[in-house]
Amino acid sequence: MRLRLIRHATLELDYAGRRLLLDPMLDPAGARGPVANTPNDRRNPLVDLPEPAEAVADRAEIVLVTHLHADHLDDTAVALLAGERPVLCQPPDAATLRERGFAGVRPVDDAVELDGLRVARTGGQHGTGKIAEALAPVSGFVLSADGEPTVYVAGDTVWCDAVREAIDAHAPDVVVVNAGGARFTEGDPIVMTAGDVAHVARHAGGAHVVAVHLDAINHCLETRAELTARLGEAGVGVSVPADGADVPADRTGR
């Protein structure tokens, strides 16, 4: 397996003989306004892609979309990726994706298989209380195949029972979490903070935990440097890759 962070939550995986693209946000820097009701009033994305969007899209054989917020599927990604290639998603998003031009939509209720690649859907909690209810539904995915490490991509969620249950059920070798402590001007964070990431790393045992979803969207307030420092203070080993970087894929590759 090869795992590469493109930017934010956009991941590229060479897995089970296929090139997978997860949560494609391919807009150029500044293409969209800031997320409303958040404390950092800057246009999104905050940074450009590490390579042309067309190159990222052209390599994708299978696309996975955890949910439909614009920082996980944006207009540029739709324009470049719409067509016949398989697109795996949570069931509530299937109709919208078809309307946007994706003919190969495969909603994942519990799990699906594609040419030896098994994809199971997991739950999540995009914040707490009424904010989480308003931002729902969200999902994560667990990827498995013969001869490959099991990879759990948690999606937009805080540390919660659904994440704990997914780790317990699937015993992943690699766990990718969306960090950055994104939040609105009121309420609690809607994705993982350093404390949440530490909970994941401790609960996942020997799994290689990778934190992404950083330094690219205006309401993600915890930077890579801050996350790395706080995890170091907590004595927790987690990979925090830069945009465009490959990530070691073994259980001890931190």
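Everything that follows concerns the structure shown earlier in this document.
Student: I tried to follow the pairing of strand β11 (residues 174-178) on my own but got confused; where do I start?
Tutor: Along any regular strand the residues' side chains alternate between the sheet's two faces. With five of five residues buried, β11 is to be regarded as a mostly interior element. Burial along β11 is two-sided: the residues Val174, Val176 and Asn178 and Val175 and Val177 are all buried. When strand β10 (residues 151-153) meets β11, the two strands line up parallel, connected through three bridges. Bridge assignment links Tyr152 to a residue of β11, and that residue is Val175.

Student: Would you explain the layout of surface pockets in this entry?
Tutor: Unfilled space is identified by rolling a water-sized probe across the atoms. In this model, the largest pocket occupies a volume close to 250 Å³. Lining the largest pocket are 17 residues, with Val35, His69, Ala70, Asp71 and His219 positioned closest to its centre. Across the lining of the largest pocket, the residue classes tally to eight nonpolar, six polar and three charged.

Student: Teacher, can you tell me more about empty space enclosed by the protein here?
Tutor: Within the structure shown, the criterion is met by one cavity of 30 Å³ or more. Taken together, Ala9, Leu11, Leu22, Asp23, Thr66, Val153 and Asn178 form the lining of the largest cavity. Across the lining of the largest cavity, the residue classes break down as four nonpolar, two polar and one charged.

Student: Help me understand the pattern of salt bridges in this model?
Tutor: Charged atoms that come close allow side chains of opposite charge to pair. Enumeration over the complete set of coordinates arrives at 19 salt bridges. With its nearest N and O atoms 3.7 Å apart, the salt bridge here joins Arg2 to Asp14. With Arg2 in strand β1 (residues 2-7) and Asp14 in strand β2 (residues 10-15), this pair connects stretches of sequence that are 12 residues apart. On the accessibility criterion, Arg2 (29% relative accessible area) is partly exposed. A salt bridge links Glu51 to Arg4, with the nearest nitrogen and oxygen atoms 2.6 Å apart. Of the two residues, Glu51 sits in the loop between β3 (18-22) and α1 (53-59) while Arg4 sits in strand β1, which places them 47 residues apart along the sequence. Overall, Glu51 belongs to the buried group, its relative accessible area being 18%. Each of the salt bridges in this network shares a partner with another, and the network as a whole consists of Arg2, Arg4, Glu12, Asp14, Arg19, Glu51, Arg59 and Asp246.

Student: Would you take a moment to explain helix α7 (residues 224-233) for this structure?
Tutor: Since the α-helix turns once every 3.6 residues, residues separated by three or four places project in the same direction. Looking at α7, one finds that the buried residues are Arg224, Leu227 and Leu231. For α7, the angular spread of the buried residues around the axis is 65°, confining them to a single face. In α7, the exposed residues that point more than 90 degrees away from the buried face are Ala225, Gly232 and Glu233. Considering only its buried residues, α7 is in contact with β1, α6 (194-203) and β12 (208-212). Immediately beyond the C-terminal end of α7, within one or two residues, lies Gly235, with a positive phi of roughly 70°.

Student: How should I be thinking about the nonpolar core in this particular structure?
Tutor: In summary, soluble globular proteins display a tendency toward joint burial of nonpolar side chains. With 27 residues, the main nonpolar core has Val177, Val197 and Val200 as its most contacted residues. Mapped by element, the contributors of at least two residues to this core are α5 (161-170), β11, α6, β12 and α7. Counting residues per element, this core draws most heavily on α6, which supplies five residues. Setting aside residues up to four positions removed in sequence, Val177 forms contacts with Ala154, Met192, Val197, Val200, Val209, Val210, Ala211 and Val212.

The rules behind the values
- Residues numbered from 1 in each chain as written.
- Predicted model: local features only at pLDDT ≥ 70, side-chain atom pairs only at ≥ 80, totals over all residues.
- Heavy atoms only, no water.
- Buried < 20%, exposed > 50% of the residue type's maximum accessible area, 1.4 Å probe, protein only.
- Helix = DSSP H or I, 4+ residues; strand = E, 2+ residues; numbered from the N terminus.
- Pairing = 2+ DSSP bridges.
- 1 Å grid on protein atoms, 1.4 Å probe; cavity = no way out; pocket = protein on both sides within 12 Å on 5 of 7 lines; lining within 4 Å.
- Points joined across faces, edges and corners; volume = space filled by probe spheres on them.
- Nonpolar A, V, L, I, M, F, W, Y, C, P; charged D, E, K, R; others polar.
- Salt bridge = Lys/Arg side-chain N within 4 Å of Asp/Glu carboxyl O.
- Arc of directions from axis to C-beta.
- Contact = heavy atoms within 4.5 Å.
- Core = buried A, V, L, I, M, F, W, Y, C linked by side-chain atoms within 4.5 Å.

This is a description of form; function is not addressed.
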